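Residues per chain are reported as follows:
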Amino acid sequence: DTGVSQNPRHKITKRGQNVTFRCDPISEHNRLYWYRQTLGQGPEFLTYFQNEAQLEKSRLLSDRFSAERPKGSFSTLEIQRTEQGDSAMYLCASSLEGGRYEQYFGPGTRLTVT
Amino acid sequence: LAKTTQPISMDSYEGQEVNITCSHNNIATNDYITWYQQFPSQGPRFIIQGYKTKVTNEVASLFIPADRKSSTLSLPRVSLSDTAVYYCLVVGTGGFKTIFGAGTRLFVKA
(Lines give C-alpha, C1' and ligand atoms only; values in the text may rest on other atoms or scores of the structure.)
Protein backbone atom coordinates (compact mmCIF):
# COMPACT_ATOMS: atom_id res chain seq x y z
CA ASP A 1 0.00 0.00 0.00
CA THR A 2 1.37 3.38 -0.94
CA GLY A 3 -0.45 5.41 1.67
CA VAL A 4 -3.24 7.95 1.49
CA SER A 5 -3.67 9.59 -1.91
CA GLN A 6 -5.58 12.72 -2.82
CA ASN A 7 -6.65 14.09 -6.17
CA PRO A 8 -6.26 16.57 -7.59
CA ARG A 9 -3.19 18.02 -5.89
CA HIS A 10 -4.04 21.52 -7.00
CA LYS A 11 -7.30 23.11 -8.07
CA ILE A 12 -7.90 26.64 -9.26
CA THR A 13 -11.51 27.64 -9.65
CA LYS A 14 -13.57 30.76 -10.05
CA ARG A 15 -15.84 31.97 -7.31
CA GLY A 16 -19.25 30.38 -7.52
CA GLN A 17 -18.08 27.17 -9.14
CA ASN A 18 -18.41 23.73 -7.55
CA VAL A 19 -15.36 21.59 -6.85
CA THR A 20 -14.92 17.98 -5.77
CA PHE A 21 -11.88 16.38 -4.19
CA ARG A 22 -11.16 12.71 -3.81
CA CYS A 23 -9.33 10.82 -1.08
CA ASP A 24 -8.22 7.19 -1.23
CA PRO A 25 -7.32 5.97 2.26
CA ILE A 26 -5.09 3.09 3.27
CA SER A 27 -7.15 0.04 2.42
CA GLU A 28 -7.51 -1.53 5.85
CA HIS A 29 -8.31 1.75 7.61
CA ASN A 30 -11.96 2.15 8.52
CA ARG A 31 -11.68 5.74 9.74
CA LEU A 32 -11.33 8.66 7.35
CA TYR A 33 -10.97 12.32 8.22
CA TRP A 34 -11.08 15.60 6.32
CA TYR A 35 -9.25 18.71 7.48
CA ARG A 36 -8.74 22.21 6.13
CA GLN A 37 -5.51 24.10 6.63
CA THR A 38 -4.76 27.74 5.91
CA LEU A 39 -1.34 29.35 5.86
CA GLY A 40 0.32 29.47 9.26
CA GLN A 41 -2.40 27.48 11.00
CA GLY A 42 -2.71 23.88 12.04
CA PRO A 43 -5.20 21.59 10.30
CA GLU A 44 -8.83 22.21 11.28
CA PHE A 45 -11.07 19.20 11.64
CA LEU A 46 -13.98 19.16 9.19
CA THR A 47 -15.56 15.74 9.30
CA TYR A 48 -14.97 12.09 10.00
CA PHE A 49 -16.23 8.75 8.72
CA GLN A 50 -16.21 5.35 10.27
CA ASN A 51 -16.64 3.01 7.33
CA GLU A 52 -19.40 4.60 5.25
CA ALA A 53 -21.06 6.46 8.13
CA GLN A 54 -20.34 10.14 8.61
CA LEU A 55 -20.28 10.40 12.38
CA GLU A 56 -19.15 13.96 13.06
CA LYS A 57 -19.20 17.27 11.26
CA SER A 58 -17.54 20.43 12.43
CA ARG A 59 -19.48 23.67 12.55
CA LEU A 60 -16.86 24.86 10.06
CA LEU A 61 -18.56 22.65 7.51
CA SER A 62 -21.24 24.94 6.12
CA ASP A 63 -24.16 23.75 4.02
CA ARG A 64 -22.03 24.31 0.93
CA PHE A 65 -19.75 21.47 1.98
CA SER A 66 -20.70 17.83 1.66
CA ALA A 67 -18.66 14.69 2.08
CA GLU A 68 -19.38 11.10 1.20
CA ARG A 69 -17.70 7.79 1.61
CA PRO A 70 -19.66 5.26 -0.41
CA LYS A 71 -19.00 1.62 0.50
CA GLY A 72 -16.52 2.73 3.13
CA SER A 73 -13.67 3.05 0.68
CA PHE A 74 -12.68 6.32 -1.01
CA SER A 75 -14.23 9.62 0.02
CA THR A 76 -15.20 12.79 -1.79
CA LEU A 77 -15.48 16.31 -0.46
CA GLU A 78 -17.58 18.69 -2.52
CA ILE A 79 -17.73 22.45 -2.11
CA GLN A 80 -20.62 24.18 -3.83
CA ARG A 81 -20.65 27.83 -4.85
CA THR A 82 -17.04 28.33 -3.81
CA GLU A 83 -16.00 31.55 -2.10
CA GLN A 84 -12.57 33.12 -1.84
CA GLY A 85 -12.50 32.19 1.83
CA ASP A 86 -12.56 28.53 0.82
CA SER A 87 -9.01 28.84 -0.51
CA ALA A 88 -6.95 26.45 1.61
CA MET A 89 -5.22 23.09 1.69
CA TYR A 90 -7.71 20.26 2.14
CA LEU A 91 -6.17 17.29 3.87
CA CYS A 92 -7.46 13.76 4.16
CA ALA A 93 -6.27 11.23 6.72
CA SER A 94 -7.13 7.66 7.59
CA SER A 95 -6.59 5.44 10.59
CA LEU A 96 -7.60 2.23 12.23
CA GLU A 97 -10.50 2.45 14.64
CA GLY A 98 -9.70 4.00 17.99
CA GLY A 99 -8.25 7.32 19.02
CA ARG A 100 -4.93 5.78 19.92
CA TYR A 101 -4.18 4.93 16.35
CA GLU A 102 -2.11 7.38 14.39
CA GLN A 103 -3.64 9.16 11.47
CA TYR A 104 -1.92 8.85 8.11
CA PHE A 105 -2.28 11.99 6.07
CA GLY A 106 -2.38 12.43 2.34
CA PRO A 107 -0.46 15.16 0.51
CA GLY A 108 -3.50 17.42 0.38
CA THR A 109 -5.38 19.29 -2.32
CA ARG A 110 -4.60 22.96 -2.57
CA LEU A 111 -7.65 24.96 -3.60
CA THR A 112 -7.38 28.48 -4.93
CA VAL A 113 -10.61 30.37 -5.52
CA THR A 114 -10.19 33.42 -7.74
CA LEU B 1 -11.17 18.03 24.38
CA ALA B 2 -8.08 19.23 26.21
CA LYS B 3 -6.51 22.37 24.80
CA THR B 4 -2.76 22.38 24.25
CA THR B 5 -0.29 25.24 24.46
CA GLN B 6 3.16 25.14 22.93
CA PRO B 7 5.75 27.76 21.88
CA ILE B 8 5.10 29.39 18.55
CA SER B 9 8.66 28.98 17.31
CA MET B 10 12.11 27.72 18.25
CA ASP B 11 15.56 27.99 16.69
CA SER B 12 18.34 25.47 16.99
CA TYR B 13 21.64 24.47 15.39
CA GLU B 14 22.52 21.22 13.73
CA GLY B 15 23.65 18.55 16.15
CA GLN B 16 21.86 20.01 19.16
CA GLU B 17 19.11 18.34 21.16
CA VAL B 18 15.79 20.14 20.90
CA ASN B 19 13.08 19.95 23.55
CA ILE B 20 9.60 21.23 22.78
CA THR B 21 7.24 21.45 25.74
CA CYS B 22 3.47 21.33 25.49
CA SER B 23 1.02 22.07 28.27
CA HIS B 24 -2.35 20.33 28.47
CA ASN B 25 -3.78 21.20 31.87
CA ASN B 26 -7.22 19.73 31.20
CA ILE B 27 -6.08 16.33 30.00
CA ALA B 28 -8.56 13.56 30.85
CA THR B 29 -7.75 10.19 32.34
CA ASN B 30 -8.17 8.32 29.07
CA ASP B 31 -6.37 10.83 26.87
CA TYR B 32 -3.12 10.12 25.07
CA ILE B 33 -0.51 12.68 24.04
CA THR B 34 0.46 12.57 20.40
CA TRP B 35 2.97 14.56 18.37
CA TYR B 36 2.95 15.15 14.62
CA GLN B 37 5.51 16.75 12.31
CA GLN B 38 4.62 18.73 9.20
CA PHE B 39 6.83 19.90 6.37
CA PRO B 40 5.68 22.63 3.96
CA SER B 41 3.17 21.44 1.37
CA GLN B 42 2.83 18.03 3.01
CA GLY B 43 0.32 16.48 5.38
CA PRO B 44 1.31 15.96 9.02
CA ARG B 45 3.24 12.84 9.93
CA PHE B 46 2.94 10.94 13.22
CA ILE B 47 6.07 11.08 15.37
CA ILE B 48 5.29 9.59 18.75
CA GLN B 49 2.52 8.93 21.25
CA GLY B 50 2.50 8.31 24.98
CA TYR B 51 0.34 8.07 28.08
CA LYS B 52 2.81 8.53 30.93
CA THR B 53 6.51 8.46 31.85
CA LYS B 54 8.79 8.09 28.85
CA VAL B 55 8.39 6.75 25.35
CA THR B 56 11.23 6.46 22.86
CA ASN B 57 11.32 5.48 19.22
CA GLU B 58 13.84 5.82 16.45
CA VAL B 59 12.90 9.44 15.85
CA ALA B 60 12.22 11.05 19.23
CA SER B 61 11.53 10.69 22.92
CA LEU B 62 8.44 11.83 24.76
CA PHE B 63 8.60 12.71 28.43
CA ILE B 64 5.37 12.91 30.44
CA PRO B 65 5.43 13.81 34.16
CA ALA B 66 3.24 12.07 36.67
CA ASP B 67 0.51 14.73 36.63
CA ARG B 68 0.37 14.52 32.80
CA LYS B 69 -0.39 18.23 32.54
CA SER B 70 2.54 18.75 30.21
CA SER B 71 4.79 16.76 27.92
CA THR B 72 8.15 17.31 26.25
CA LEU B 73 9.12 16.13 22.81
CA SER B 74 12.86 15.60 22.58
CA LEU B 75 14.63 15.46 19.23
CA PRO B 76 18.24 14.27 19.58
CA ARG B 77 20.93 15.82 17.40
CA VAL B 78 18.70 17.69 14.97
CA SER B 79 19.65 18.22 11.36
CA LEU B 80 18.54 20.78 8.80
CA SER B 81 15.87 18.35 7.63
CA ASP B 82 14.16 18.53 11.03
CA THR B 83 13.04 22.08 10.20
CA ALA B 84 9.27 21.71 10.34
CA VAL B 85 6.18 22.46 12.39
CA TYR B 86 5.57 20.18 15.36
CA TYR B 87 2.06 19.71 16.74
CA CYS B 88 1.12 18.43 20.18
CA LEU B 89 -2.33 16.85 20.44
CA VAL B 90 -4.37 15.23 23.16
CA VAL B 91 -6.54 12.40 21.87
CA GLY B 92 -9.09 10.23 23.67
CA THR B 93 -9.12 6.48 23.23
CA GLY B 94 -12.32 6.64 21.24
CA GLY B 95 -11.30 9.94 19.80
CA PHE B 96 -11.89 11.01 16.29
CA LYS B 97 -12.12 14.77 16.55
CA THR B 98 -8.47 15.67 16.46
CA ILE B 99 -7.67 19.25 17.40
CA PHE B 100 -4.45 20.70 16.05
CA GLY B 101 -3.21 23.99 17.45
CA ALA B 102 -0.87 26.32 15.58
CA GLY B 103 2.12 24.12 16.43
CA THR B 104 5.76 25.00 17.06
CA ARG B 105 7.85 26.08 14.11
CA LEU B 106 11.33 24.65 14.57
CA PHE B 107 14.07 26.18 12.46
CA VAL B 108 17.39 24.33 12.43
CA LYS B 109 20.38 26.35 11.32
CA ALA B 110 23.71 25.13 10.01
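Throughout, a residue's number is its position along its own chain's written sequence, starting from 1. Chain letters start at A and ligand numbers start at 1, both assigned in the order the entries are written. Local features in a predicted model are, by the rule used here, given only for residues with pLDDT of at least 70; side-chain atom pairs are given and counted only at 80 or more, and totals for whole chains, interfaces and linings are based on all residues. With hydrogens and water excluded, all non-hydrogen atoms of the structure serve as input to the side-chain values.

Q: Would you mind showing me how to read the interface of chain A and chain B here?
A: Interface size is often expressed as the accessible area that is lost when the parts come together. Contact definition: two residues touch when any of their heavy atoms are within 4.5 Å. The interface is formed by 22 residues belonging to chain A together with 22 residues belonging to chain B. Roughly 1,800 Å² of surface becomes buried between chain A and chain B when both sides are summed, with 52% attributable to carbon and sulfur atoms. Salt bridges are defined by distance alone: a side-chain nitrogen of Lys or Arg within 4 Å of a carboxyl oxygen of Asp or Glu. Our count for the contact surface shared by chain A and chain B stands at zero salt bridges. Think of it this way: any DSSP run of H or I at least four residues long counts as a helix, any run of E at least two long counts as a strand, and we number them from the N terminus. Broken down by secondary-structure element, the contributors of at least two residues to the side of chain A that touches chain B are strand E4 (31-37), strand E5 (44-50) and strand E9 (88-95) of chain A. If you tally residues by element for the side of chain A that touches chain B, the top one is E4(A), at four residues. In terms of residue class, the side of chain A that touches chain B is made up of nine nonpolar, eight polar and five charged. Once two parts are brought into contact, the accessible area they lose, counted with a 1.4 Å probe and summed over both, makes up the buried area. Charged means Asp, Glu, Lys or Arg here, nonpolar means Ala, Val, Leu, Ile, Met, Phe, Trp, Tyr, Cys or Pro, and polar covers whatever is left, Gly included.

Q: Looking at this model, I keep getting lost on the sheet that holds strand E6 (residues 61-64) of chain B. Mind explaining?
A: Two modes of strand pairing occur in sheets, parallel and antiparallel, and in both the strands are linked by backbone hydrogen bonds. Residues and elements named next belong to chain B. In short, DSSP must find at least two bridges between two strands for them to pair. Reading across from one edge, E2-E7-E6-E5 is the order of the four strands in this open sheet, with antiparallel pairing throughout. Each having just a single partner strand, strand E2 (18-23) and strand E5 (53-56) make up the two edges of the open sheet. For this sheet the average axis-to-axis angle between neighbouring strands, irrespective of direction, equals 15 degrees. Axis lines are fitted to C-alpha atoms, over the contacting stretch for helices. Their N-to-C directions set the angle, which ranges from 0 to 180 degrees.

Q: So what exactly am I meant to see when it comes to unusual backbone geometry here?
A: Note: most residues except glycine have negative phi, and most peptide bonds are trans. A cis amide bond links Asn7(A) to the next residue, Pro8(A), at an omega of -10 degrees. On the secondary structure map, Pro8(A) appears in the loop between strand E1 (5-7) and strand E2 (10-13). Phi at Ser41(B) is positive, roughly 65 degrees, even though this residue is not glycine. Relative to the helices and strands, Ser41(B) is located in the loop between strand E3 (32-38) and strand E4 (45-50). Residue Arg68(B) is not a glycine yet carries a positive backbone phi of 60 degrees.

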